[in-house]
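Understanding the architecture of this molecule
Now for the letters of each chain:
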Amino acid sequence: MGKQPTYAEIFKSRGISRRDFLKFCGLTSVSLGLAPSLLPKIIHAMETNPRTPVIWLHGLECTCCTESFIRSSHPIMADIILNMISLDYDDTLSAAAGHQLEEVRRKIMREYKGKYILACEGNAPTKDDGVYCLVAGDSYLNVLKETAADAAAVIAWGACATFGCVQNAAPNPTGAVPVSELITDKPLVNVPGCPPIAEVMTGVITHYHTFGTLPELDRMKRPRAFYGTRIHDKCYRRAFYDAGMFVRDFDDESTRKGWCLYKMGCKGPTTYNACSKTEWNEGISFPIGSGHPCFGCAAPGYWDDGPFYTRLADVSFLGTDMNADKIGVIAVGAAAAGAAAHAAVTAVRKKKTGDENDQIEG
């Protein structure tokens, strides 16, 4: 354990130049949506603050969050795990196992009491004393509560930990619940997605390391910097949506032309995430960019919200249940009626003006 080295010391030992170090700080500032005036603070924190101890737990999940995390490019995963944070416990990535690894977790909890971050991937089953997910012979429910007791902050990674995901889907036989329902007395940030974007995950940790606090959160405890806009608002297919040009079959010509996927079930108009801005795999693409509709995996309840390839559910309109097509017909009809009324009023005004002119001339 001992004293943790700073970022700058680690970078220097790795032969990273001062120029690259400043570039890294700048990229971090941009990804977090921080004002340029805060860049000196990030640089100072990187040069002086010791690495942040992190305990990473795994509950009911598929490990897709870890798979995403190790593909972060800004900064790269090797710098995050080996240099930037002190990831001393992760039962998926660690070479050690069994009682030796569990002793490492407890040692971190003792030596860094109130200073370490608890990162949670997956949720916890609560029925039958949590027997449906065991870690080292104990329930994940107990391990989660024990580790959270002395944590400085808790980060819930992915749809499973944040909102429940498929384990929480009806009828939820194991009683799986998100972390926020079990840990209520600690600062907590939700980073939803199935999985979350790698740079979003690393950005949250970097923000905490720099400022000692979690980033600004919305009402669902999500960082606003990454979940403040809808995917739809920044989607490159938005122009096709506005023009009413929609893909209706994955094999038709409109698909090859990149038209909007809304009618193929895309949930981009209702999903808040940074996919269309940050994208995945070093900014190469994201699901919609690859020709697939958004599932809405960063939204609560998406696993129970109907078929993935069906357009958005029926919309309640004027006290009745109508789908989007019918609403469109009503809107067009209303517009036509309005245009007709406007034309009639204009005709009456012109007739009246003509009569008045005739009287004046007479």
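Residues numbered from 1 in each chain as written. Predicted model: local features only at pLDDT ≥ 70, side-chain atom pairs only at ≥ 80, totals over all residues. Heavy atoms only, no water.

So, the packing of helix α3 (residues 39-48) against helix α9 (residues 198-211)
The condition is simple: Whenever a helix is involved, its axis is fitted only over the stretch in contact; in every case the axis is a line through C-alpha atoms, and angles between N-to-C directions fall within 0 to 180 degrees. Numbering of helices and strands runs from the N terminus, with a helix taken as a DSSP run of H or I at least four residues long and a strand as a DSSP run of E at least two residues long. Between 65 and 115 degrees an angle is taken as roughly perpendicular, under 35 as roughly parallel, over 145 as roughly antiparallel, and anywhere else as oblique. Contacts are residue-level and defined by heavy atoms, with any inter-residue pair within 4.5 Å sufficient. The residue classification treats Ala, Val, Leu, Ile, Met, Phe, Trp, Tyr, Cys and Pro as nonpolar and Asp, Glu, Lys and Arg as charged. All others, Gly included, are polar.
It is the contact of α3 with α9, at a shortest axis distance of 8 Å, that shows an interaxial angle of 85°. In terms of axis orientation, α3 runs roughly perpendicular to α9. Between α3 and α9, the contacting residues are Lys 41, Ile 42, Ala 45 and Met 46 on the first element and Thr 206, His 209, Thr 210 and Phe 211 on the second. Across the contact of α3 with α9, the residue classes break down as four nonpolar, three polar and one charged.

Things to note about a nonpolar patch on the surface
Let me state the cut-off plainly: Candidates for patches are residues over 30% relative accessible area with no salt bridge; among them, like charges are joined within 9 Å and nonpolar side chains (Val, Leu, Ile, Met, Phe, Trp, Tyr) within 5 Å. All accessible-area figures derive from a Shrake-Rupley calculation using a 1.4 Å probe, and residue coverage is judged against the displayed protein chains alone. Salt bridges, as used here, are contacts in which a Lys or Arg side-chain nitrogen is within 4 Å of a carboxyl oxygen on Asp or Glu. Remark: exposure states derive from per-residue accessible area (1.4 Å probe, protein chains only) relative to the maximum for the residue type, with buried under 20%, exposed over 50%, and partly exposed in between.
On the surface, a cluster of nonpolar side chains totalling about 280 Å² of accessible area is made up of Val 131, Tyr 132 and Leu 134. Summarising the element assignment, Tyr 132 is placed in the loop between β4 (124-125) and β5 (134-135). Assessed through its relative accessible area of 40%, Tyr 132 is described here as partly exposed.

Focus on the pairing of strand β7 (residues 153-157)
The criterion, for reference: Here the rule is simple: two strands pair whenever DSSP picks up at least two bridges between them.
Of all the five residues making up β7, five are buried; the element is thus mostly covered by neighbouring parts of the structure. Neither face of β7 is left uncovered, since the one carrying Ala 153, Ile 155 and Trp 157 and the one carrying Val 154 and Ala 156 both have all their residues buried. Pairing analysis gives five bridges linking strand β3 (residues 117-121) to β7, with the strands arranged parallel. Residue pairing in the sheet places Ile 117 in a bridge with Ala 153 of β7. As judged from the four bridges shared by β7 and strand β9 (residues 188-191), these two strands associate in the parallel manner.

Section: the nonpolar core
The condition that has to hold: Residue types Ala, Val, Leu, Ile, Met, Phe, Trp, Tyr and Cys, when buried and joined through side-chain atoms within 4.5 Å, form a set referred to as a nonpolar core.
In terms of nonpolar packing, the biggest core is built from 46 residues, with Cys 25, Trp 56, Ile 155, Trp 157, Val 191, Met 201 and Ile 288 touching the most fellow members. Sorting elements by how many residues they give to this core places α9 first, with five residues. Setting aside residues up to four positions removed in sequence, Trp 157 forms contacts with Trp 56, Cys 65, Ala 119, Cys 120, Glu 121, Gly 122, Val 191, Pro 196, Met 201 and Ile 205. Counting 27 residues, the second-largest nonpolar core is a separate cluster that includes Met 109, Tyr 140, Ala 156 and Ala 176.

A word on α9
The following threshold applies: One fewer than the residue count of a helix, multiplied by 1.5 Å, yields its expected span.
The end-to-end C-alpha distance of α9, which contains 14 residues, comes to 20 Å, matching closely the 20 Å that a straight helix rising 1.5 Å per residue would cover. Summarising burial for α9: 13 of the 14 residues are buried, a large majority. A positive backbone phi angle near 75° is found at Gly 212, which sits one or two residues after α9.

What to know about the pattern of salt bridges
Throughout the structure, instances matching the rule amount to 10 salt bridges. Ionic pairing is found between Glu 216 and Arg 224, a salt bridge with its closest N-O pair at 3.3 Å. Using a relative accessible area of 58% as the deciding quantity, one classes Glu 216 as exposed. Residue classification places Arg 224 among the partly exposed residues on the basis of a relative accessible area of 41%. Where Asp 233 meets Arg 230, a salt bridge forms, and the shortest distance between an N and an O atom there is 2.7 Å.

Re helix α7 (residues 140-148)
Side chains three or four residues apart in an α-helix point the same way, a direct result of the helix having 3.6 residues per turn. Under the convention used in this document: Along the arc lie the directions from the helix axis toward the C-beta atoms.
Listing the buried residues of α7 in full gives Tyr 140, Leu 141, Val 143, Leu 144, Thr 147 and Ala 148. The arc enclosing the buried residues of α7, seen along the axis, measures out at 165°, which places them on a common side.

A look at the pairing of strand β1 (residues 52-58)
Counting buried positions along β1 yields seven of seven residues, so the element is predominantly enclosed. Of the two faces of β1, the one holding Thr 52, Val 54, Trp 56 and His 58 and the one holding Pro 53, Ile 55 and Leu 57 are both buried throughout. As defined by bridge partners, β1 adjoins β3 across five bridges and the pair is classed as parallel. Looking across to β3, one finds that His 58 is bridged to Glu 121.

Notes on the environment of Asp 305
Examined against the element boundaries, Asp 305 turns out to sit in the loop between α14 (275-278) and β10 (315-317). Judged by its relative accessible area of 53%, Asp 305 falls in the exposed class. Measuring from C-alpha to C-alpha, the distance between Asp 305 and Phe 295 comes to 10.0 Å, with 10 residues separating the pair along the chain.

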